Structure formats: structure tokens, C-alpha cells
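The chain contents come next:
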There are 4 protein chains.
Amino acid sequence: MAEVSVAVIGASGYAGAIAAGLLHRHPGFDLRHVTARTEAGMKLGELHPRTRVPLVLEPYDVDVHGEVDAAIVAYPHGAAAPTVAELHARGVRVVDLSADFRLRDRGTYEQWYGEHGAPEVFETGDAVYGLPELYRDEVAQARIVANPGCYPTAALLALAPLAREKLISDVVIDAKSGISGAGRSATATTHFVSANENLTPYKVGAHRHTPEIEQELGVLGSELAISFTPHLVPLAQGEMTSCYVTPTRPVGQAEVSELFRAAYASEPWVELSEAPPGVLEVRDTNFCRISVHVDPRTSRVIVFATIDNLWKGAASQAVQNLNLMFGRDEAEGLL
Amino acid sequence: MAEVSVAVIGASGYAGAIAAGLLHRHPGFDLRHVTARTEAGMKLGELHPRTRVPLVLEPYDVDVHGEVDAAIVAYPHGAAAPTVAELHARGVRVVDLSADFRLRDRGTYEQWYGEHGAPEVFETGDAVYGLPELYRDEVAQARIVANPGCYPTAALLALAPLAREKLISDVVIDAKSGISGAGRSATATTHFVSANENLTPYKVGAHRHTPEIEQELGVLGSELAISFTPHLVPLAQGEMTSCYVTPTRPVGQAEVSELFRAAYASEPWVELSEAPPGVLEVRDTNFCRISVHVDPRTSRVIVFATIDNLWKGAASQAVQNLNLMFGRDEAEGLL
Amino acid sequence: MAEVSVAVIGASGYAGAIAAGLLHRHPGFDLRHVTARTEAGMKLGELHPRTRVPLVLEPYDVDVHGEVDAAIVAYPHGAAAPTVAELHARGVRVVDLSADFRLRDRGTYEQWYGEHGAPEVFETGDAVYGLPELYRDEVAQARIVANPGCYPTAALLALAPLAREKLISDVVIDAKSGISGAGRSATATTHFVSANENLTPYKVGAHRHTPEIEQELGVLGSELAISFTPHLVPLAQGEMTSCYVTPTRPVGQAEVSELFRAAYASEPWVELSEAPPGVLEVRDTNFCRISVHVDPRTSRVIVFATIDNLWKGAASQAVQNLNLMFGRDEAEGLL
Amino acid sequence: MAEVSVAVIGASGYAGAIAAGLLHRHPGFDLRHVTARTEAGMKLGELHPRTRVPLVLEPYDVDVHGEVDAAIVAYPHGAAAPTVAELHARGVRVVDLSADFRLRDRGTYEQWYGEHGAPEVFETGDAVYGLPELYRDEVAQARIVANPGCYPTAALLALAPLAREKLISDVVIDAKSGISGAGRSATATTHFVSANENLTPYKVGAHRHTPEIEQELGVLGSELAISFTPHLVPLAQGEMTSCYVTPTRPVGQAEVSELFRAAYASEPWVELSEAPPGVLEVRDTNFCRISVHVDPRTSRVIVFATIDNLWKGAASQAVQNLNLMFGRDEAEGLL
């Protein structure tokens, strides 16, 4: 199989850098370019030593970077859309780590994120929501893949088996993320002295992953308004979504366990566990680890799903999507 | 005012040691004895250097330790009751850090904890549930004070203003605690390598603080089965209860904020905050810090309450109770 | 005793804020003002919740802030000198947390820090090096106290008993500090994701505390060039200096232990320990904890000294100095 | 190339488990057995989820486990020797993670570790000290490889270029290790609440890695008594040795830098860095990262070397040794 040439556009952030590291060592892809604005001229391996990628960061130039077969765009929301559109126009197959193509309804997008940066491409509806466990076939054909948000990745894998069966009457999602979720910017929030030995809820009732989760639950069959509340916890990488589901009808442990087994038995990147999983168990991997519990006292169904927010929640899921888009084994380059 | 003689029975654990340190420096109490079994003979300040208490740990002996005016008993559940009963019989006023006298119904106690160790004292109903913000007057008169569990302390302070108004139709409590909550025993769970960079739910649907919270919500006017799920987070001390309340009728932010202001305006140890609080803000203090939010999308009322699990969740709340029991200023020795 | 009015100039940084918190609760001082530039208008207790100081941060104004009896100046090196000079000229007794008045030789100062901001005051030699354990009497009389650097505080307390006896032929000081030592600025270095699970040497052969340690060792009787190398460790507060001394003549454990006992037996804030101390043992205190070991294999004398870099290494030592300057008990307000 | 069958004897500890995980995914080895005593019957992937090794832990049985081509023995010092001897007698090529065959002089071994468990094998001198960067050819031929201690690995890579040139007159090694270095036993020392936000020197003047470092420095040409002092730092994996060398003659930065470049230019697992390295840069890798500095003020040569104590300091170095022993590429299975 011929190697696929690939670029990471925006490789100075955490997710872009990890994606570049994975692609650099991937037998099926040839990482040609990594780009960055401020850090252009530096080697990626100097900026992010753990990647050990010897490529020099280049300033983005569509005439250069539009020549590859595929690109991962790791730009902030809003800034991503025009670049994705530009690369798409050159025939590059793109995985976009931003939220710019995740929502299917432009009104909803603009309500949560502001004006869209490439409305004409948005309106074509060409972009596919890249959660492979839900949209494997669509991703394989897609020209633009909207890589899911980190919280939606975990929450949707936690809830999909229930949503498909229309078992969710109401759900509270209490989510916890490591500090890398706040990005590489040095702020009062990400300062070690503020974050260490601390734990804080944030964006209460206002986190932008809310409409993304609701949209996909709706597609799966469960249209509802969810309560989604993220917390910052003092660890670098890792994310837990604790989902408290009020079911539409009484369900037992056996039924629910079987539902999850059936949904995920053949999924390479979903692990079911009897005991509640810990975030450390999926650190630096593409795995999502899930446990499901029925509480007989309250009849609630409780689902815990944990991922590494920078891996399955961003970088490695993007590579998983690239694997699918180019007909490679879905696990290649990820173990 | 004459000094009150006091002993800490079981001072080798985290909570007992902190209580001893507070009492040792307290102007109104004279810490006479600290006890421990395995570590007897050691100075408390060697075992727990941060306490800087020079007293030698003594093996417990009711003939010696029953001579004080007051005692804090920091024994495990089950083991505490007989010692509390024995000290009580000698006329010692006791604050019991265990769960042995927290539940009002013996059947419920035995269902969750097993056989009671001093049923005759339990049945007298003499013990008072020592959450000072709810039972200040009762504590002042009590001979036995059952110091609340750490999670119930935070959860009840979060929910009391709503429970009193019968505003709680349903509630999900997602709680997070630092590792000291698992006690001083060295186990696979408390090992640094297991706990650091990790986060794990535990005792799903089965944590013994559940009936304690339900009991007190019931007394306040809201009889209901709650969903309570604790998680272990990688920090030493600190606890957050995130409470997701489905209200019995639609409520607005202004109404709810006013409810909390009214409830806590004159409470010395409850701080209301507009932004969600962080656990670090109450570290090593007796404060409980609370924020309340109405999510207009879902109509849910979300309340965050954070405490230091070893302080307001155990040791300093015990001293706050002792202050009340002996007519001292409630904040004395705690700043 | 009448209360002494005091201001903290520069209370938005970590050390200034802690000093303000200590003074706010100190029975002998009346904290009148706290200042800050960017955060002026905010309450200190909002910016630094743990201080619980209700005062509003004011922009610095010598006409207002020069009216107090005493001030702690917590400005960066270089910026401090003119303000210290200005307050000094108004008759305010000042404790300066910066390095601006620590060095006795202006040439050395300018070599390591650049041009001095108040050379005329520097040249008067009025400033006293404020390590109370070495200069208690001088501090009591001083109008300007140069509060020592954090590393010099620990290193000098570790080495003073040996230096006085001219026992130091050579010394390697390997120092480790928590992240708060890097200040409140949010940078790539202080970002949680960079700092956590990391440990890095920095400013190798070039740290500005080097001449300060050498100067004071010289005054004590041991003129020599030292090797001083700091490392950043993943904890918030705490500092360890590991000192490896080649003695001028063979010494035994008993002799050395006795030397330290004699030096520190009556010091309220120095604790000798047989086992090597841990930084956690002095967290949030004014204590310096020291152990001394003779290694018979190499004849080296190894001294470990640990402090809280923000407390004994800055804020609480400043309060200890204020206590001395105003005739209060040296431990007042610090327990 | 035919696959080599391999067993990990003692796979329940941290290093054994990581080695098993590496071998399980290694293209050149066939991991047939993993053994454990207490946890026998459990899957390794349940005990150590991050390994994702589906093999069941078996009780050790030489009749079963002596049938493989190669074994990694991950037993404690003392307990390892008889097992190594037994496997050796069956013709198994062994990498021993313990110290039992590291020292060349039995008297020295017994002075630091007590009686040897297999003196007859020890006396044959068949075992090779398995630091591949020093003994690559010997390892390739060896039947028994004594995998170096974690501290000696970093310290010797830091000092070898200087030792070979007889440039070391005296050296102070101040070492820092993450908590995993204390092993998987749950103790007061490894408890999260004791270890977090703490930092403590330990085994001052008495750490067993001292004679190992001295022995190998002697072989390289620098016979001397060293000062070696380890500290426990609050991180899970990672180790730093800060080496302060008094040179036998004045040396300049250029000369020393060139010495290191020459020594390590073609080493796949040694990285030279101009800035002092951080332990995070080598986390979960087989790399040793080194920087060397000449301090003109004191003429000292300062070398920092950092490794992951569980990888290059144990498990991955064992696999690197196996690669050499079976003629595989030295980096295979380690990226």
C-alpha cells in the first residue's frame, strides 16, 4: 500500500503535537509537514520533547500544505473553518479537531460559537461527525471529518447503547477533566499552584459540548435537554463522564449489561469493565473504558466512561479516523 | 472561664490527629490525653509532625481517659460505640467522629453498618446529629454528639435551604474526595502510584453516607431516595459535592440565591460564592463554600459545596461542636 | 501595647498575600492597606481566597501608604528599591522581600541584578540582613530589613553552625523548590501540564541566590565559592536544601550533632530532627527543619534543611522580623 | 527470524508488569508466561490494566518456566539469585532485575545485601553487568545479564565519559526518584497523603546503589568513594541524578561537551541536551537524557541525567538487553 502524505496544521498545541507524534511513527502515513505560527522555525521535538518529531514547524501556507493527501487541523474553534475549507478545496481530506463542523444545525452553531468561518462548506453538509464507533462507514467515505469533542466522545460512548433503545428519559452528566483540557495557554487557571490540590466546576450550564451531546443523542433516538457540568481536576490528562440516567422504563442490571456487551463486543477501542474504571487505565491510549450500573434503590442507570482527553478525546481519535478514511486497520499506529 | 479538660481517643488517624492539634492550641480547652493502640509510646508530634503536639500517645484506659470533661472519639464505625458508651457512662461529653450515632433508626444503621456496638445508648436517642448549622441548640445541650460524615456535611449544607422549602423533587449528588478520605491505611488504593493522575468512582450505589443524607433531608422536609456517587480524586484533602436538583416547581436564580443568603448570612463557617468554588479555597479550614445556579435550559438547580474533608468534614467540625457544647465562641481555636 | 499600623505593598503575589493574611489576624498589628497595580479595586480575599482578607487592593500612593508605622514591600528585584527608599524617607520601617538590600557590596549587586534602584540608601548600609537566627539584635533596631531569599534562608540555617567553626572547606548545595517559587506569573514553566510529574534543574551556575549565600557564609567565617543548583519539583510550596560539605578537618557525628544542638536549642523556629526532614512537615509554617549526618565513607557532612518557601522563605519570616522590630514575641501571629 | 519464547518471572510488580507489556507487543519475542505468587490466577491485565496483557499469572514452576528461551526475573534482592541459578541451569538466558549479580566482589555484595543466594553461580563470574552503552558486546554473549539499578543507570551514563578520561577527582550525586521507585508495597511512605506535596531524602549514606556506582566508575578508570544521596519526589515515574564533579584538572565547556558528543553520538537511547533535561521528557521511554555544564566560578563539572526509573531504569532496559542477547535491533519493541 502506498504511503499517504499527511500534514498537521497547528502542531504546537497539545493535541496537534500528539497527533504529529503518532503519525510520525505510523507505518501507513508519511508525516510531511507540521505547522505553527509563533513557534515556526523550531523543531517540534524541541517544543514538545516527548513527541521526538524532528520536523521543523513551518508557517502555514496553503500552497505548500495543500499538496498533501490528508491533514489534521488543530486550530481553535472559529479559526479552523476557513483553513479546513481551503484545504478541502485543494482536495485534501481533512480531520478537523475543532468544533466548526460538528454541529449539524448552523443556527445552533452560531448560538454557541458565534458566526461560522466557512458557511458555504458548512451548508454542503459534507462533514461527517467522526465518532468511529457510531459513524464508521460515513467516516470511511468522508472528505471532512469533524473530530468529536473530548466530553462528547466519552459521554456518547457511555450513552449510545441506552439512547438507541430510547431508554433515556433524563440524564445528568457530571464530567471531570485533567488540566490539559484547558489547553496550552498559561493562565491563572492552568498555573500549577492554582490547579494542584484543587478541583473546580466550570462553565456551569454553559459548556459548548452540551449541544453536541444533545444533537448526537437525538440522532440516536433520544431527543432531550441534558445537564452537563464539567469540573477541572488536578491531573494532566484524563477525563471521566459520570452519567446518571433516569430510564424511560425500569431496567435491570442484566439487561443493561447485555445492551453494552452487544454494542461494544467487537469495538477495538471500547473496553467494558465491571468495576468503575479509573482515568489512569486509559492514559496515553485510544481506549474508552466503560462500566454500567443499575442502582436498585433509585432505579437509575449510572454509566462511567473514561478516556484520555488528548488521545481518544482528540489526537488518537483523529488518527483512528484517518485510518478509516484511508482503508487502514483501525488500530494501526495506535498501540 | 475555667479550662475544659479534653482527650482525643484515637489520635493516630488523620482526623484525630488534626483535632488534637487544634485542641492543643485552643485557648479554651486543655488537651490532656491522646490515645492510640499500635503507636502508643510515640509522641503524636513524631507520628504526625504537622500537629506539633508533644503529648505521648497512650493506650486507651477508661479509668484514665474517663476523667476528662470532654472527649473526641476517632474510632472506626462499630468500634466507636462501646467506647462512646463507656465514656458517656463516666459523665464525659463526647463528640463521636464515627457513624455509630448518626442514624436515628437502628434498623437502617444495622442494614448499612451491621450490628450496633452499644444498642442501649443508641436507643436512648440521647445522641444529637452534630451539624451545627442545623442543630446548634441541640448540640449545645448534648452529652453525645454524632459528628456528621464528610459527604453529608457538604451535601446537607448544599441542600438544606432547598429541602426546608420542599423544593427537591429529585437529586443526583456527584461527590469527589481527596485521598485522605480513604484513611491512613496503606492500601493499593491509597498508594501514590495508583492514586496520582487517576480518578475513580467507588462504592457506586452503596456508600454508607447515603442513608445519612436521606435521613437529614427527610427531617428538613424532603423525604426522597437520592443518587449519591463518590469519586476519589488525586489530591490529599478536599471534597466537592455537586448536587443536581430537579425542583418540585420552577424556580429562578434570584429566588434561589435569596434562599441561600437568608439561610447562611449569619453563619460563621458557610461562605456563599457566585462563581463555583474550588476545594483549595477551603483547605485546612472549617469553611464550607457554596454556589448555587439555576440552569434555565433544564430548570435544574445546581449546588456546589466544598469542604476540607478532614476539617469541616471531621476534625474542625468536632471542635466547632465542642465550642458549642462548652459555651465558647463557635469560631474559637479554628482560625 | 498599642497596635502598630502596617501596609503590605504588593499584595497580589503569593508572598505578599500570605503576609497580608498573617498580619490581618495578628493581635499586634493593624493591617491598614494592601496594594496592587493590575488588581487594584478587587478585594484581596477575592484574588486570594485563602487569605480571607476583606481589604480592597489599592494602587500604591506614598502619601497614603507612607503614613503607616511599618510596611512589607513585596515587589520584584529592582522595582523594590525606590519604593523602599521612599517609605524609609517617610519614617516607615520596612521589611523588603526583594533582593535589593540583601547584598552588602554594590558591585556584587550590580553584577547579578543590574543597576541599583536606590543607590544612596544602599550606600548608607542602614539595611540589615533579616535572618533573625543570625541577626536578631540588628533586626530589632533596623529601619530597613532585607528579608532573605528563600534558598539562602534554608542554606544558611543549614550551614551556619559549621561556618562559624570554619569547618567548611567546600560545599555543594543541591536545592529543590515547589512551583510557587517561580511566582504567580502564568508561564510555560508554571503550567500544570509542564510542571506536574516533572522535575528540572534551572539556572545552573547562575542563580542569584549564590552571592547571597556566599556573602553570609563569609560573614560567619567561611569565605568560599559554593556550588548552588536549584531544581523545580512538582509541589506547590516547600523547599529543601541538601548541603554536601567537605569539612576542613575530620569531624564525627557526635561533634556535629552537638554543634547544631547548641546553635538552635533555643531557637523557636528551628527544629532539629534525626531523620531527614520532609518538606511537608514545615508546610504553611515558619519552621525550618534540619538534620545533619556525617558519612563515614566519605567524611562528608550532609545537612538537609527544609522550609516553606513562601512562609519562612518569605512571608512569615517577614512577620517574624516585624515582631522583632516592634518588640513583640517573635512567634506571635505565626502559630 | 524465529520467535524467541520468553517468560517474566515476577510480573506483579511495576517493573515486571511493564516488561511483560513490552514483550507482549514485541515482534521478536513470544511472551509465554507471566508469574506471580499472591496474584496467581488473575490476568495480568486485570492487576495492571495499562499493560493490557491477557495472560493469566501463574505460580512459578521451574519445570514449566524453565522451558523458555529467555526470562526476565523481577524478584527482590536475595530472592532472585536461586531462581536465576535454577533457570540458568536449565539453559534459559536470564535478565535479572535484582542486584544479585551486579556486584563483582562477593564480599562487597554480602556487606551491603547479606548472604548471597547462589554463591556458586556468582563465583563463576558468568553474569554481565547489563548497561548496554558500556557493555554491549558482553551482553550479546551473556547467559546471565544483571540489569543495572535505576540510579546507577542514570549516574553511570552521566559520569562514564568523564570517568574514562580519569577526570573525576570527587563527585557528589544528588538523586531524585518518583514514588514508584519505592515499589508496589503499600506503606506509610508510599501513601498518597504522605508522598504528595512532600520531598524527603532517604537512606543517607547507606543506599545500596552506592557500591554499584563505585564499582563501575572504577572499571571505567576512576576509583573513588562517592557521595550518593537519593530523595523521594512526588511524581510516579522518573529519576534525575544531579552529579557535581570536582575534576582532576581544569576543563572547559567545549572540551566536556565534545567528550559527551563523542561518547553518545551513535547511542540510540542517550539524548544530549543543552538545557537541563526534565524527567517528563523521558517518561515511559527507554531514553536517558543528559546535559553537561562547566561552572566557571567553581570549576565544577555538573552533569544531569534523567531516565524513567521503571523503563530505562528497569523494564525497558531489560528488553534492550534481550534485544542484544538475541541479535535483534536494539530499539525493537521499545518505540
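Predicted model, so just to flag it, every value in this text is computed and none were measured. (Residues numbered from 1 in each chain as written. Chains lettered and ligands numbered in written order. Predicted model: local features only at pLDDT ≥ 70, side-chain atom pairs only at ≥ 80, totals over all residues. Heavy atoms only, no water.)

1. Quick look at the overall build of chain A
- Assigned secondary structure in chain A consists of 12 helices and 14 strands.
- Taken over C-alpha atoms, the radius of gyration comes to 19 Å for chain A, in line with the 20 Å a tight globule of 335 residues would show.
- With the C-alpha coordinates of chain A rotated into their principal frame, the extents come out at 60 × 45 × 40 Å.
- Intrachain contacts of chain A at a sequence separation of at least 6 include 69% that bridge at least 24 residues.
- When the accessible surface of chain A is split by element, carbon and sulfur atoms take 50% of a total near 11100 Å². (Helix = DSSP H or I, 4+ residues; strand = E, 2+ residues; numbered from the N terminus. Rg over C-alpha atoms; globule rule 2.2 N^0.38 Å. Contact = heavy atoms within 4.5 Å. Areas by Shrake-Rupley, 256 points an atom, 1.4 Å probe, with all protein chains shown as cover.)

2. Regarding the interface of chain A and chain B
- At the interface, 44 residues of chain A touch 44 residues of chain B.
- Across the chain A to chain B interface the summed buried area is about 3500 Å²; carbon plus sulfur atoms make up 58%.
- On the chain A side of the contact with chain B, Glu-197, Leu-199 and Arg-297 of chain A bury the most area, a combined 20% of that side's loss.
- There are 8 salt bridges connecting chain A and chain B.
- At the boundary of chain A with chain B, the tally comes to 26 residue pairs in polar contact (both at pLDDT 80 or more).
- Contributions of two or more residues to the side of chain A that touches chain B are made by strand E8 (168–177), helix H9 (192–195), strand E9 (200–201), helix H10 (209–220), strand E10 (227–232), strand E11 (239–247), strand E13 (288–295) and strand E14 (300–307) of chain A.
- No other element matches E8 of chain A, which puts 5 residues into the side of chain A that touches chain B.
- Considering only residue class, the side of chain A that touches chain B consists of 21 nonpolar, 14 polar and 9 charged. (Buried area = accessible area lost by both parts, 1.4 Å probe. Salt bridge = Lys/Arg side-chain N within 4 Å of Asp/Glu carboxyl O. Polar contact = N/O pair within 3.5 Å; in protein donor to acceptor, adjacent residues only side chain to side chain. Nonpolar A, V, L, I, M, F, W, Y, C, P; charged D, E, K, R; others polar.)

3. Quick notes on the domain arrangement of chain A
Residue and element names in this part refer to chain A.
- Domains assigned within chain A are domain 1 (4–147 + 314–325) and domain 2 (151–307).
- Summarising the inter-unit geometry, the C-alpha centres of domain 1 and domain 2 are found 24 Å apart.
- Listed as interface residues are 24 residues of domain 1 and, on the opposing side, 27 residues of domain 2.
- Summing the contributions of domain 1 and of domain 2, the shared interface buries around 2100 Å²; its carbon and sulfur component is 52%.
- Per-residue buried area on domain 1 facing domain 2 is highest for Tyr-14, Trp-112 and Glu-133; these three make up 28% of the total on that side.
- Joining domain 1 to domain 2, the criterion identifies 4 salt bridges.
- Measuring nitrogen to oxygen at the nearest pair gives 2.5 Å for the salt bridge that ties Arg-184 to Glu-39. (Domains from an automatic or database assignment.)

4. Focus on the interface of chain D and chain A
- Listed by partner, the interface residues are 15 residues for chain D and 15 residues for chain A.
- Of the roughly 1200 Å² buried between chain D and chain A on both sides combined, carbon and sulfur atoms contribute 45%.
- It is Arg-50, Arg-52 and Glu-281 of chain D that lose the most area in chain D upon contact with chain A, and together they represent 44% of the buried surface on that side.
- Linking chain D with chain A are 2 salt bridges.
- Across the pair Glu-271 of chain A and Arg-52 of chain D runs a salt bridge, and its minimum N-O distance is 2.7 Å.
- Linking chain D with chain A are 8 residue pairs in polar contact (both at pLDDT 80 or more).

5. Examining the packing of helix H1 (residues 14–24) of chain B against helix H12 (residues 315–325) of chain B
Residue and element names in this part refer to chain B.
- Interaxial distance between H1 and H12 falls to 8 Å at its minimum, and their mutual angle equals 45°. With respect to H12, the element H1 is oriented oblique. In this structure, the crossing between H1 and H12 has a hand that is right-handed. Judged by residue contacts, Ala-15, Ile-18, Ala-19, Leu-22 and Leu-23 of H1 engage Ala-315, Ser-316, Val-319 and Leu-322 from H12. (Axes fitted to C-alpha atoms, helices over the stretch in contact; angles between N-to-C directions. Parallel < 35°, antiparallel > 145°, perpendicular 65-115°, else oblique. Left-handed = near helix turned anticlockwise from the far one by under 90°.)

6. Concerning the relation of the copies chain D and chain A
- In the superposition of chain D on chain A (RMSD 0.0 Å, axial shift 0.0 Å), the rotation amounts to 180°. Interpreted geometrically, this transformation is the action of a two-fold axis. Among all residues of chain D, the one whose C-alpha sits closest to the rotation axis is Glu-197 of chain D, at a distance of 4.5 Å.
- The residues that chain D uses at the interface reappear at the interface of chain A in 100% of cases, marking a shared surface. (Least-squares fit on C-alpha atoms with pLDDT ≥ 70 in both.)

7. A look at empty space enclosed by the protein
- A complete count under the given rule lists 2 cavities of 30 Å³ or more for this structure.
- Approximately 60 Å³ is the volume found for the largest cavity.
- Looking at the largest cavity, the residues that line it are Phe-192, Asn-196 and Pro-234 of chain A, Phe-192, Asn-196 and Pro-234 of chain B, Asn-196 and Pro-234 of chain C together with Phe-192, Asn-196 and Pro-234 of chain D.
- Looking at side-chain class alone, the lining of the largest cavity contains 7 nonpolar, 4 polar and no charged residues. (1 Å grid on protein atoms, 1.4 Å probe; cavity = no way out; pocket = protein on both sides within 12 Å on 5 of 7 lines; lining within 4 Å. Points joined across faces, edges and corners; volume = space filled by probe spheres on them.)

8. What about the side chain of Asp-295 of chain D?
- As for its placement among the helices and strands, Asp-295 of chain D is situated in strand E13 (residues 288–295).
- Comment: no salt bridge for buried Asp-295 of chain D; closest opposite-charge side chain is Arg-297 of chain D, at 4.5 Å.
- The contacts of Asp-295 of chain D, once residues within four sequence positions are left out, are Gly-205 of chain C together with Arg-300 and Ile-302 of chain D. (Buried < 20%, exposed > 50% of the residue type's maximum accessible area, 1.4 Å probe, protein only. Lys, Arg positive; Asp, Glu negative; His and termini not counted.)

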